[in-house]
Each structure stands twice: as structure tokens, then as C-alpha cells.
Amino acid sequence: MRERGKIDVAAGEVLLSVENVSLSFGGVKALAEISFDIRKGEIRAIIGPNGAGKTSMLNVVNGFYQPQHGIITFKGKARSKMRPHEAAAGGIARTFQNVALFRGMSALDNILAGRTLTMHANFFWQLIRFGPALKEEIEHRHRVEEIIDFLEIPHIRKVPVGRLPYGLQKRVELGRALAMEPDLLLLDEPMAGMNLEEKEDMSRFILDVNNSFGTTIALIEHDMGVVMDLSDRVLVLDYGRKIADGTPDQVKANQAVIDAYLGVAH
Amino acid sequence: MDLLYKIFLDPFVQMGGAPDLLVQTLWEGLVAGVLYSLIALGFVLIFKASGVFNFAQGIMVVFAALTLVGLYEHGVPAFLALAITIAVMFGLAIAVERLMLRPLVNQPDIILFMATFGLTYFLIGFGELVFGGDPKIMITEELFLPKGAIDLKMLGGFVSLQKIDIAAAIIASIMVAGLAVFFQRTRIGRALRAVADSHKAALSVGISLEQIWVVVWFAAGIVALATGIMWGARSNVSFALEIIALKALPVLILGGFTSIPGAIVGGVIIGVGEKMGEFYWGPLLGSGIESWLAYFIALVFLLFRPQGLFGEKIIERI
């Protein structure tokens, strides 16, 4: 249970709302009429057994998938179709289940790539790397160094990320998402495959991001302990349907959730 | 013994005996190498940004050169023709992105590779339709490219340097240096590398694949135009030029598919190796080794350093 009490979730305004979203691939229904919302400043967990549609849900939110039905409203703007780079421009950043970094590039360059949208020097200046382009590089480099310090990874700055251990790759990926200064941060299993110590570090970073930058976070996670500790509200999916939605305590006590996780005798 | 002498000693005796010829051969090799590098550069650009081997790079060289000369033949002033050709290459980049790459997004690389074959044959047909199949003469003088040769008196003989070759070497060097900095140290350059590494991650940080693809194909088009002008000045502008693109393959294997400096060094090694081989060792095998020596060198390289001299070593965690 979270005792931070910093954000009055009930009073937080709705940042993202999803209404009756359905998504299917051929005959397979990945999501069936899902509705939920994410409020400003909260940490929202999405949980459910494997294949429940959690990642599909994130993919819909950041525009990788186009739902067949339903409306998504983000920052007051409704849309039914949006492309990923438009979602990014609108302030949605994300990380991936199986780490999607630019493997050949250094940790520094990976995080700098997250600044793409905030850099504006035009093609010509960049071609000669002079004037505004150079000034901009220096400014953004400064910001990126802050993120690197925040995530405690200065020692791996110049290392090609393909060579880093998994836990650090996940951290670099989080750094890249933070570099975008997003309004909404989507984390797809940020702690998958980590040991206890790494999980604790990552939990701390997530809480810090939420506390100090006020970033709204939606995360998918399998570790129930982590979910219950971190999140303000939990959405539970099973077979593409929403089976529960509420505070960690409410969800824990929900019979449908218990059945979905433990199985039920028919 | 006689054969060993001919292979291991005689060529070097010849080199020592006529150093001016040696320098001349080296120079010609260097120039050929620089031009190979230019073609290879076009490949590297597109490969870096999209992981696709662009089979159409050779025909793009021909197409760009033909457009330039064709426009001039129709009475367009030379520099206006150059500007229009650049615009045409930009249009081609947009068309390729819209009609070829966008519908094939997220398909396996081999599909995109096959699509570049399609593009090649389209450009051959379209080019012949518009400009005809006859060889044309490159408008070097009109573009103020130097003509003639400088004869240097050295080493007890003459070494003759074509001015156009010198110009080619200078232009290629500038292009390479510029592109290397652009790729390594700027936002768009970083975005290009990001797209090459992972499409979905690039999308998630707000990089527009469409925009990046247009940028690289346009850059490759400009490189193709420069190559077309330089090669065209040495021979003629004809569809036969297309096969020089195949010479870029050994260059790429040597230099690494992802490295711009590699394309240059690889080009020079292949160019010099070819000319030296042809001149000094060629007679042993009845000449004609220029046509296959490059591929032989590439094969040997593949055995020992498959990522090339400067290529990124592929790191795979298991």
C-alpha cells in the first residue's frame, strides 16, 4: 500500500480515457470493449494473466495498433486513429517488454535520441553542424546528462547498449523515454527478468519519476508485490476483457481476479 | 622456379625499374577507387538507415546522369538542369517512400530487397522511354569541371593526372567528410541510425520513419548524381554504367556495410588492388584479372573479417 498520499487521485483530472476500445487480429479478439481512464499524476497498473491483452492495450494507446472500435481521448483530444510518432509528439513515451534499444549506439546516444522531438535546428544547420544545430546539441546534452545522473548510470555513458546487462538496458530504455519529457509514460514490464535488487532500484526510479517530475505512469507488471506497492489504481484484464478496476485493495479482494489468477473449478 | 620468380620478384623489379609507371598505376587505382567509394556510399546510406541493400543504386546513378544530360540536350542551361535533376532525385525519394517503402513497412528485409529489384527495372524502362537508349556525353565543360591533364615530371619520367580525376577525388572527400559528421553528431543523423537499429523503438521516441526514409533516399540520390557526373565524364552516360554498381559489392564487404569511412577505404583498396594486379600480375594469367580480382579479395575478406574493416561488430547476447 502506498503511503505517499502526495496526489489526491480522486481529484486528479483525467489525462487519458479509453472508451469501448475493441481490437482484433483476424478472428482473434485481443481487446473487447475496454473502457478505463488514467488520471493526471497517478501510477496506473495494468495486470492480467499472459495473453490478457495488456501489451495490446499499450500498443493501442501509443498508436502502434489501430483499434477497430472505440475512442481514445488524450489531453482532451479525441482520436480514433493516430500514428506512433504523432502519439510521441503528443507526449506519450514508452518502453518495451523485450527492450527495444538502438543496440549499436551508446547509452548516451540512445537517450539523446529521445530528445529528437524537442530539437528543432533545421536540416541545413545540421548538415554543417554549426550555428543553431551545435548550440542545440550542447543544450540537450546537458539535459541528458541530468537524466543519466538521475538513473545512476554515468559509468556506462559511452558503452554500446548491446553490450550491457539486461537490467541496465532496461534503465537506459527508461532514460530514453524520460528524455522525451512525456506527459504519459507507458512501461511494459519494466521489471521483467530482474533480480530483487534490480527490481528495488527500478521501483525507486519509477516512484521518483512520478514524485519529482509529476509524470503520469501506466505500467504493466507481473510482480504483484511491486504492483500493489507502486500503483494508485489497478486495471485487470483477462482474455481481452476488463474484469476489474480499482485500488490495489479492491482488486485484491475481487473474486473475478482471484479466479483469473488461480483458475476456477467449472 | 620461373613461375615463382614471375609472381614474387619480377613485378617488384618492374616497379623499381620504372617508378613513374608505378605512380601512374597507383594514381589510376586511387581514382577508380574513389569512384567506387562514391557508389558504395550510396549503398551505405540506405543500408544504415533502413537495413536494406538497395540494388537500385546503380541505376539511380545512370538515371540521375541521364536526367541531367537529357535536360541539357533539350536546351535547358547546364546549372538549371543540375537544379532540376536534384529536384527530380528528391521527387524520386518521395515516390519511393510513398509507393514502395510505406506499403512494405514491417515486412522482412528480403521483401524490401526484392522491391529494390523492381525499382531497378522500372527505372531502366522509364529511363529508356524518356531519354532513349543511346549513350550520351556528359556535360563536363558546361558544369565548369576541369578538363585535360597535368603532366608531372618525376622519377625520371612523366606521370599524367587527369584534372577531372582530381576534381572527383576532392568532391568525394568533401561528401564523405560531411556525411560522416552528419551521421555521427546531429539529431537527424542519430535518428537515421536509430531507424536502422529498431523501427518500433524509433517510432516510440517520435521519429517519423517516412521523413527519415525520404532524407536517406534523397541523400543517396545526390550521391548517385555526383557519381553519375564523375563516371559520365570518364566514359559516357549509358545504361552500361549500371553494372559498375556491382563493383560496389566488394567495396562494401571490405569496408563494412554500415561504415561511411569504410566505403572510402574499401573503395581505394579495391581500386588500387585492381589496377596494380592488372598491370603487374595480369600478364601471367593472360590479363583480364581486373574484372574478378575485386570479388576475390572480397571473398578472402569474408573468411576472416565478415563485418568488414569498419563495420559494426554484431553483438549478440545468448
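Please refer to the structure higher up on the page.
Residues numbered from 1 in each chain as written. Chains lettered and ligands numbered in written order. Predicted model: local features only at pLDDT ≥ 70, side-chain atom pairs only at ≥ 80, totals over all residues.

S.K.: Tell me about the overall build of chain B, and please be specific about residues and values.
M.R.: Along the backbone of chain B there are twelve helices and two strands. Ordered by position from the N terminus, the helices and strands of chain B form the series α-α-α-α-α-β-β-α-α-α-α-α-α-α. Principal-axis analysis of the C-alpha atoms gives chain B an extent of 65 × 60 × 35 Å. Looking at chain B residue by residue over its 318 residues, the buried ones come to 47%. Counting contacts in chain B only where the partners sit at least 6 residues apart, residues at least 24 apart contribute 74% of the total. (Helix = DSSP H or I, 4+ residues; strand = E, 2+ residues; numbered from the N terminus. Buried ≥ 20, exposed ≤ 12 C-beta atoms within 10 Å, placed from the backbone. Contact = placed C-beta atoms within 7 Å.)

S.K.: Any details on helix H5 (residues 109–131) of chain B? Residues and values, ideally.
M.R.: Residues and elements named next belong to chain B. Here H5 contains 23 residues, and its C-alpha end-to-end distance of 32 Å stays within 8% of the 33 Å for a straight helix at 1.5 Å per residue. Of all the residues in H5, the buried ones are Ala 115, Leu 119, Thr 120, Leu 123, Gly 127 and Phe 131. Tucked inside the fold, the buried residues of H5 contact helix H3 (57–73) and helix H4 (78–101). One or two residues past the end of H5 sits Gly 132, with phi positive at roughly 80°. (Expected span 1.5 Å × (residues − 1).)

S.K.: Kindly report on the environment of Arg185(B), identifying the contributing residues and their values.
M.R.: By secondary structure assignment, the location of Arg185(B) is in helix H6 (residues 163–185). On a C-alpha basis, the gap between Arg185(B) and Gly75(B) in space is 42 Å, while along the polypeptide they are 110 residues apart.

S.K.: Talk me through the packing of H4(B) against helix H9 (residues 209–234) of chain B; I want residue IDs and the actual numbers.
M.R.: All names here are of chain B. Two elements in contact, H4 and H9, have axes whose closest approach is 8 Å; the angle formed by their N-to-C orientations is 140°. In terms of axis orientation, H4 runs oblique to H9. The hand of the H4/H9 crossing is right-handed. On H9, the residues that touch Thr 85, Ile 86, Met 89, Phe 90, Leu 92, Ala 93, Ile 94, Val 96, Glu 97 and Leu 101 of H4 are Glu 210, Trp 213, Val 214, Trp 217, Phe 218, Gly 221, Ile 222 and Leu 225. (Axes fitted to C-alpha atoms, helices over the stretch in contact; angles between N-to-C directions. Parallel < 35°, antiparallel > 145°, perpendicular 65-115°, else oblique. Left-handed = near helix turned anticlockwise from the far one by under 90°.)

S.K.: How would you summarise the sheet that holds strand S3 (residues 43–47) of chain A if you had to cite specific residues and measurements?
M.R.: Residues and elements named next belong to chain A. With mixed pairing, the six strands of this open sheet are ordered in space as S6-S7-S8-S3-S9-S10. Strand pairing shows two members of the sheet lacking a second neighbour, strand S6 (92–94) and strand S10 (241–246), which therefore form its edges. For this sheet the average axis-to-axis angle between neighbouring strands, irrespective of direction, equals 20°. Bridge count between strand S7 (residues 184–188) and strand S8 (residues 216–220): five bridges; the pairing is parallel. Paired with Leu 186 across the strands is Ala 218, a residue of S8. Helix H10 (residues 255–262) contacts strand S9 (233–238) and S10 of the sheet and is inclined by roughly 125° relative to S10. (Pairing = 2+ DSSP bridges.)

S.K.: Go over the sheet that holds strand S5 (residues 77–79) of chain A with me, naming the residues and quoting the values.
M.R.: Residues and elements named next belong to chain A. Ordered in space as S2-S1-S4-S5, the four strands form an open sheet in which the pairing is antiparallel. Both outer strands of the open sheet, strand S2 (28–39) and S5, are each paired with one neighbouring strand and no more. Taken pair by pair, the neighbouring strands of this sheet meet at an average axis angle of 15°, ignoring direction. As defined by bridge partners, strand S1 (residues 14–25) adjoins S2 across eight bridges and the pair is classed as antiparallel. Within the sheet, the bridge partner assigned to Phe 25 lies in S2 and is Val 28.

S.K.: Quick one: what's the story with helix H1 (residues 2–17) of chain B, residue by residue and with numbers?
M.R.: Taking 1.5 Å of rise per residue, the 16 residues of H1(B) would be expected to cover 22 Å, yet its terminal C-alpha atoms sit only 19 Å apart, more than 12% below that figure. Summarising burial for H1(B): zero of the 16 residues are buried, a small minority.

S.K.: Go over the environment of Arg115(A), please, and point to the residues and values.
M.R.: Residue and element names in this part refer to chain A. Topologically, Arg 115 is positioned in the loop between helix H3 (107–113) and helix H4 (123–128). Counting along the chain gives 105 residues from Arg 115 to Ile 220, while the straight-line C-alpha distance between them is 24 Å. With residues near it in sequence (within four places) discarded, Arg 115 still touches His 140, Val 144 and Ala 179.

S.K.: Any details on the interface of chain B and chain A? Residues and values, ideally.
M.R.: Interface size is often expressed as the accessible area that is lost when the parts come together. On the side of chain A, 30 residues touch chain B, which itself brings 23 residues to the contact. Elements that contribute at least two residues to the side of chain B that touches chain A include exactly H6, helix H7 (187–197) and helix H8 (199–204) of chain B. Top element by residues in the side of chain B that touches chain A is H7(B). It accounts for seven residues. For the side of chain B that touches chain A, the residue count by class is ten nonpolar, six polar and seven charged. (Nonpolar A, V, L, I, M, F, W, Y, C, P; charged D, E, K, R; others polar.)

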